[in-house]
Amino acid sequence: MAIEYTFSIIKPDATRRNLTGKINAVIEEAGLRVVAQKRARLTREQAEGFYAVHKERSFFGELVDFMVSGPVVLQVLEGENAVAKYREVMGATNPANADEGTIRKLFAESIEANSVHGSDSLENAAIEIAYFFAQTDIVG
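Worth saying up front: this structure is predicted, and the values here are computed from it rather than measured.

**Q** How should the packing of aromatic side chains be read in this particular structure?
**A** For any two aromatic rings, the description comes down to two numbers: the centre-to-centre distance and the angle of the planes. Enumeration according to the criterion identifies 6 aromatic pairs in this entry. Residues Tyr131 and Phe132 carry aromatic rings whose centres are separated by 4.8 Å and whose planes lie at 75° to one another, so their mutual orientation is edge-to-face. Since its relative accessible area comes to 37%, Tyr131 is described here as partly exposed. Pairwise contacts between aromatic rings join Phe7, Phe50, Tyr51, Tyr131 and Phe132 into one cluster. Here the basic side chain of Lys38 rests over the ring of Phe133, its NZ or CZ set 4.8 Å away from the ring centre.

**Q** Explain the side chain of Ser8 here, please?
**A** Of note, Ser8 is situated in strand β1 (residues 3–10). Ser8 sits in the buried class, given a relative accessible area of 0%. Only 2.9 Å separates the side chain of Ser8 from the side chain of Tyr86, close enough to count as a polar contact.

**Q** Is there a simple way to explain helix α4 (residues 60–67) in this structure?
**A** Each full turn of the α-helix corresponds to 3.6 residues, which orients residues three or four apart in the same direction. Every buried residue of α4 is listed here: Phe60, Leu63, Val64, Phe66 and Met67. What you see down the axis of α4 is that its buried residues fit within an arc of 160°, all on one side. At its buried positions, α4 is contacted by β1, α1 (12–16), α3 (44–50) and β3 (72–80).

**Q** Please clarify how the environment of Gly140 should be interpreted in this entry.
**A** On the secondary structure map, Gly140 appears in the segment after α7 (122–132). Residue Gly140 is classed as exposed on the basis of its relative accessible area, which comes to 66%. For the pair Gly140 and Ala113, spaced 27 residues apart in sequence, the C-alpha separation works out to 30 Å.

**Q** Help me out: how do you make sense of the layout of surface pockets in this one?
**A** Using a probe with the size of a water molecule, rolled over the atoms, empty space left in the structure can be pinpointed. Here the largest pocket is characterised by a volume of approximately 800 Å³. As for the largest pocket, its lining consists of 24 residues, and the residues nearest its centre are Tyr51, His54, Phe59, Leu63 and His117. For the lining of the largest pocket, the leading source of residues is α7, giving 4 residues. Split by residue class, the lining of the largest pocket holds 10 nonpolar, 7 polar and 7 charged. Of the voids in this model, the second largest pocket is the one considered here, and its volume is about 150 Å³. For the second largest pocket, the full set of lining residues is Tyr5, Leu122, Ala125, Ala126, Ile129, Ala130, Phe133, Ala134, Gln135 and Ile138. A per-element tally of the lining of the second largest pocket places α7 first, with 5 residues. Classifying every residue of the lining of the second largest pocket gives 9 nonpolar, 1 polar and no charged.

Conventions and cut-offs
- Residues numbered from 1 in each chain as written.
- Predicted model: local features only at pLDDT ≥ 70, side-chain atom pairs only at ≥ 80, totals over all residues.
- Heavy atoms only, no water.
- Phe/Tyr/Trp six-rings, centres within 6.5 Å; stacked < 30°, edge-to-face > 60°.
- Buried < 20%, exposed > 50% of the residue type's maximum accessible area, 1.4 Å probe, protein only.
- Lys NZ or Arg CZ within 6 Å of the ring centre and 35° of its normal.
- Helix = DSSP H or I, 4+ residues; strand = E, 2+ residues; numbered from the N terminus.
- Polar contact = N/O pair within 3.5 Å; in protein donor to acceptor, adjacent residues only side chain to side chain.
- Arc of directions from axis to C-beta.
- Contact = heavy atoms within 4.5 Å.
- 1 Å grid on protein atoms, 1.4 Å probe; cavity = no way out; pocket = protein on both sides within 12 Å on 5 of 7 lines; lining within 4 Å.
- Points joined across faces, edges and corners; volume = space filled by probe spheres on them.
- Nonpolar A, V, L, I, M, F, W, Y, C, P; charged D, E, K, R; others polar.

Here it is, written out as structure tokens:
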């Protein structure tokens, strides 16, 4: 199995409820390590750039508004098959469909305020990590 990096955002709904430690406990219990982390308040430009792939979708404006509504925690996670593992740990986008014990089942408020973002592929993980972190920020 390959050691990989993936990208995670703990979203404003979760930071507002002070869930960063609880979410990271679930991540770490799944065998992933946090190797870079910073708390930030995204600018509108950062959020629009990060979610540019969704620019033509009807929910784009609401997504950007939500992501700039409060602080987020940006993270790089490391582990065996980290992309797939974190997607499993996050659970389905809609918390009503998420498996028991997943982050979204445990903490999400709604399909929109679903507490976390994670990369969906190795290629996107590399792009998303580079969007917020320099290589020197990642300490394994």
